[in-house]
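Inside the fold
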There are 2 protein chains.
Amino acid sequence: MPTSEQNEFSHGSVGVVHTKVVRFESLTLEGGETITPLEIAYETYGTLNEKKDNAILVCHALSGDAHAAGFHEGDKRPGWWDYYIGPGKAFDTNRYFIISSNVIGGCKGSSGPLTINGKNEKPFQSTFPFVSIGDMVNGQEKLISFFGIHKLFAVAGGSMGGMQALQWSVAYPDRLKNCIVMASSSEHSAQQIAFNEVGRQAILSDPNWNQGLYTQENRPSKGLALARMMGHITYLSDEMMREKFGRKPPKGNIQSTDFAVGSYLIYQGESFVDRFDANSYIYVTKALDHFSLGTGKELTKVLSKVRCRFLVVAYTSDWLYPPYQSEEIVKSLEVNAVPVSFVELNNPAGHDSFLLPSEQQDSILRDFLSSTDEGVFL
Amino acid sequence: MPTSEQNEFSHGSVGVVHTKVVRFESLTLEGGETITPLEIAYETYGTLNEKKDNAILVCHALSGDAHAAGFHEGDKRPGWWDYYIGPGKAFDTNRYFIISSNVIGGCKGSSGPLTINGKNEKPFQSTFPFVSIGDMVNGQEKLISFFGIHKLFAVAGGSMGGMQALQWSVAYPDRLKNCIVMASSSEHSAQQIAFNEVGRQAILSDPNWNQGLYTQENRPSKGLALARMMGHITYLSDEMMREKFGRKPPKGNIQSTDFAVGSYLIYQGESFVDRFDANSYIYVTKALDHFSLGTGKELTKVLSKVRCRFLVVAYTSDWLYPPYQSEEIVKSLEVNAVPVSFVELNNPAGHDSFLLPSEQQDSILRDFLSSTDEGVFL
């Protein structure tokens, strides 16, 4: 944990940052409904160059937000990808202009269930229209155009962020040069959908659910905490959990947990409900489950439109987004003669690996970004 | 599904059976408390021979019960191990006397949270003492002695049933000749504990929980259904779910599920609450999590007492009780020069595989049971 001295522009840190919000007139969703106005919360790190060709868009995962790097005033912990974004880091803010935004349907500043409906001055909550990954990317496109950027140097993300990157390559093939897809998939398997469905059912089963029209004082917190607890197990690897917890007893005696891993998960669940909205959890997991570029021949056809270079990264210990899903993407790209580098990393931390410090991951990202068009990375 | 014609003593079926209950004076638990009286619900299939040396005890898993084979009056579906128990089947009731009982702490006839407390004529519920796998086995030992059986021909089980079989070999080394341990472990890993803990938290979070003193009209059903839904995902393999559900839409529109796998899980959860008790779910999962014969050197030391032959079976697609856990058991047995056969089967169905029909599993069981002491199976 950084000290207060390290809060201020430490080596490798972008320092103190603020989330901004930009408003657009509207966005028409793939489902037909229109969000008006459209608000996108975002942060930027580094400087956009004169040619406006050094911008990298990073996309967050399920529980993420625009705050990808640096510190908010008073926070002890930095943004979710701070290990990789900053001066001299893999996403080097001395070279690139990093843009990070909150997905629409989220609950961290962009249009979503917590946005106030101008018609009745109440949050939309479950009256907000369902969104797709495609809608999220269309919202991001407005932000990129707002900066006057024609072609992004790269789009990068892990998990749901990787799906957004894939979607960018397909929906806006001429708007990005490089596409980085980590710990991700072209579509959710039945098992992935199953985990999300149980999480949603936990929220729906909460006595405070009230069809998603709960008050802030009586939120379906227990349901959301359960969803988070279960999700959290899927982000970790069996090996890491054994190392971290084994069969250790808990510190103290929280409720009826008998093992440290139980107390840890309860803590994860309880702290999550303070920073995330139950409706948003349902909206975003639905977008995740509905994302479908297909597999096999279907995916090959869809990816025939792409015009950028790819880096695809999978993690051996990731059993939630297993390497075979990354391999599917790579195979379809290769059939289309798209330049693609594929790496399966041995990081032991499971699905969360893409967020954690790793020298190997760091150099792979640096090398990919710094290699020219003429030279394929591997 | 068998038709009504097949209900009556079909080829390979033990036919219609009834669960019986035997009462003993008491059982003192490892934790110090005493259950008095002790009730054990059981079923038997086949005939005990004159020498009383052809008995096989089968042990059920978390959500199982005494009804391992055959049909209860009016039921369409047979007992949980009916594929393997019956005339001419692997556990051949023409040769062996199969005994199957409900674990104590369970809710299917043996002493547990649903048992009426003689002192106040109400079910014990959460006042019932916590039990261990050791206690379950000690309860079974009373049943075996009740039949006048000195040495069981075999003890067999999968998952929690495998833990009970292991416990038998260690607690009563001279009381069994063969030990069959399938899809099991010498102790739960942090990940296994984590899944059970979230299941317990789902029950504890249910508004009807009331410290486990809920009424039958207001049971913590939603919590128990959630626990079951989540557990059920862990019993299946990614591959099987893809084959069975893929990304198919649901039939009809149950609540807000958008995919068939979601409706399936909701159905699993809802049907479970009709046949299982929430307190029992907590008691049995706690026994599972606390079971600990250790690993490595510790396990080797514990297993130095065993005096029986072993068959250990693991399933490649079982990610809940992965093969490495079976390999740990086998390694410790081998160090102790205990005769052990180990097989890792390629059944694609995940942890549930041990319950499902498989020619390979069938012949492995038959061969192991029919081989003599002089010849080790492999």
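Numbering of residues starts from 1 in every chain and runs along the sequence as written. Chain letters start at A and ligand numbers start at 1, both assigned in the order the entries are written. With pLDDT at 70 or above as the cut-off, local features in this predicted model cover only qualifying residues; side-chain atom pairs require 80 or more to be listed or tallied, and sums for whole chains, interfaces and linings still use all residues. Excluded from the side-chain calculation are hydrogens and water; included are all heavy atoms of the structure.

Let us now look at the side chain of Q191(B). With respect to the secondary-structure elements, Q191(B) resides in helix α3 (residues 190–205). Throughout, exposure labels follow a simple rule: accessible area from a 1.4 Å probe, protein chains only, divided by the maximum for the residue type, with under 20% read as buried, over 50% as exposed, and the rest as partly exposed. For Q191(B), a relative accessible area of 4% puts it in the buried group. By definition in these notes, contact holds between two residues if any of their heavy atoms fall within 4.5 Å. Not counting residues within four places of it along the chain, the set of residues in contact with Q191(B) comprises I233(A), L236(A), D238(A), M241(A), W319(A) and W319(B). Put simply, DSSP H or I for four residues or longer makes a helix, DSSP E for two residues or longer makes a strand, and each gets a number counted from the N terminus.

We now examine the packing of aromatic side chains. Here the aromatic set is Phe, Tyr and Trp, taking the six-membered ring for Trp, and pairing holds for ring centres within 6.5 Å; pairs whose planes are under 30 degrees apart are stacked, those over 60 apart are edge-to-face, and all others are tilted. Across all of its chains, the model carries 41 aromatic pairs over all chains by this definition. The interplanar angle of 50° and the centroid separation of 4.8 Å between the aromatic rings of F245(B) and Y264(B) together place this pair among those described as tilted. You can see F245(B) sitting in the loop between α5 (238–244) and α6 (260–275) and its partner Y264(B) sitting in helix α6, a full 19 residues away along the chain. Exposure remark for F245(B): the relative accessible area of 6% places this residue in the buried category. Within the aromatic cluster, the residues linked to one another by ring pairs are F24(A), Y42(A), F97(A), F146(A) and F147(A).

Consecutive side chains along a regular strand alternate between the two faces of the sheet. All names here are of chain A. Summarising burial for strand β8 (residues 97–101): five of the five residues are buried, a large majority. Burial of β8 is two-sided: the residues F97, I99 and S101 facing one way and the residues I98 and S100 facing the other way are all buried. Two elements, strand β4 (residues 38–45) and β8, share four bridges in a ladder whose sense is antiparallel. Of the residues in β8, the one forming a bridge with T44 is I99. By this definition, two strands are paired if DSSP reports at least two bridges between them.

So, on to helix α7 (residues 278–290) of chain A. In an α-helix, one turn spans 3.6 residues, which is why side chains three or four residues apart end up on the same side. Residue and element names in this part refer to chain A. Between its first and last C-alpha, α7 extends 18 Å over 13 residues, near the 18 Å set by a 1.5 Å rise per residue. Regarding α7, the residues found buried are A278, N279, S280, Y281, I282, Y283, V284, T285, K286, A287, L288 and D289. Summarising the contacts, the buried residues of α7 are in contact with α1 (133–146), α2 (160–171), α3 (190–205), α4 (221–235) and α6 (260–275). In protein, a polar contact requires one atom able to donate a hydrogen and another able to accept it; more generally it is a pair of N or O atoms within 3.5 Å, and residues adjacent in sequence count only if both atoms are side-chain atoms. Measuring from the backbone nitrogen of N279 back to the side-chain oxygen at the start of α7 gives 3.3 Å, which picks out D277 as the cap. Helices are assigned an expected span. That span is 1.5 Å times one less than the residue count.

The subject of this paragraph is the side chain of S101(B). Residues and elements named next belong to chain B. With respect to the helices and strands, the residue S101 is situated in strand β8 (residues 97–101). Of the residues examined, S101 reaches a relative accessible area of 2% and is grouped as buried. If we skip the residues at most four places from it in the chain, S101 touches I40, A41, Y42, V58, H60, D65, A66, Q140 and L143.

Right, let's talk about the relation of the copies chain B and chain A for a bit. The copies are overlaid by a least-squares fit using only the C-alpha atoms of residues whose pLDDT is at least 70 in both copies. Least-squares fitting of chain B to chain A yields an RMSD of 0.0 Å, with the transformation described by 0.0 Å of translation along the axis and a rotation of 180°. Each copy turns onto its partner about a two-fold axis. When the interface residues of chain B are mapped onto chain A, 100% of them are again interface residues, pointing to one common binding face.

Backbone torsion omega between T36(A) and P37(A) reads -5°, so that peptide bond is classified as cis. Among the structural elements, P37(A) can be located in the loop between β3 (34–35) and β4. The phi dihedral of A183(A) is positive, around 45°, even though this residue is not glycine. Take A183(A): it is sitting in the loop between β12 (176–182) and α3. Exposure remark for A183(A): the relative accessible area of 0% places this residue in the buried category. Here the phi dihedral of Q211(B) falls at roughly 55°; this positive angle occurs in a residue that is not glycine.

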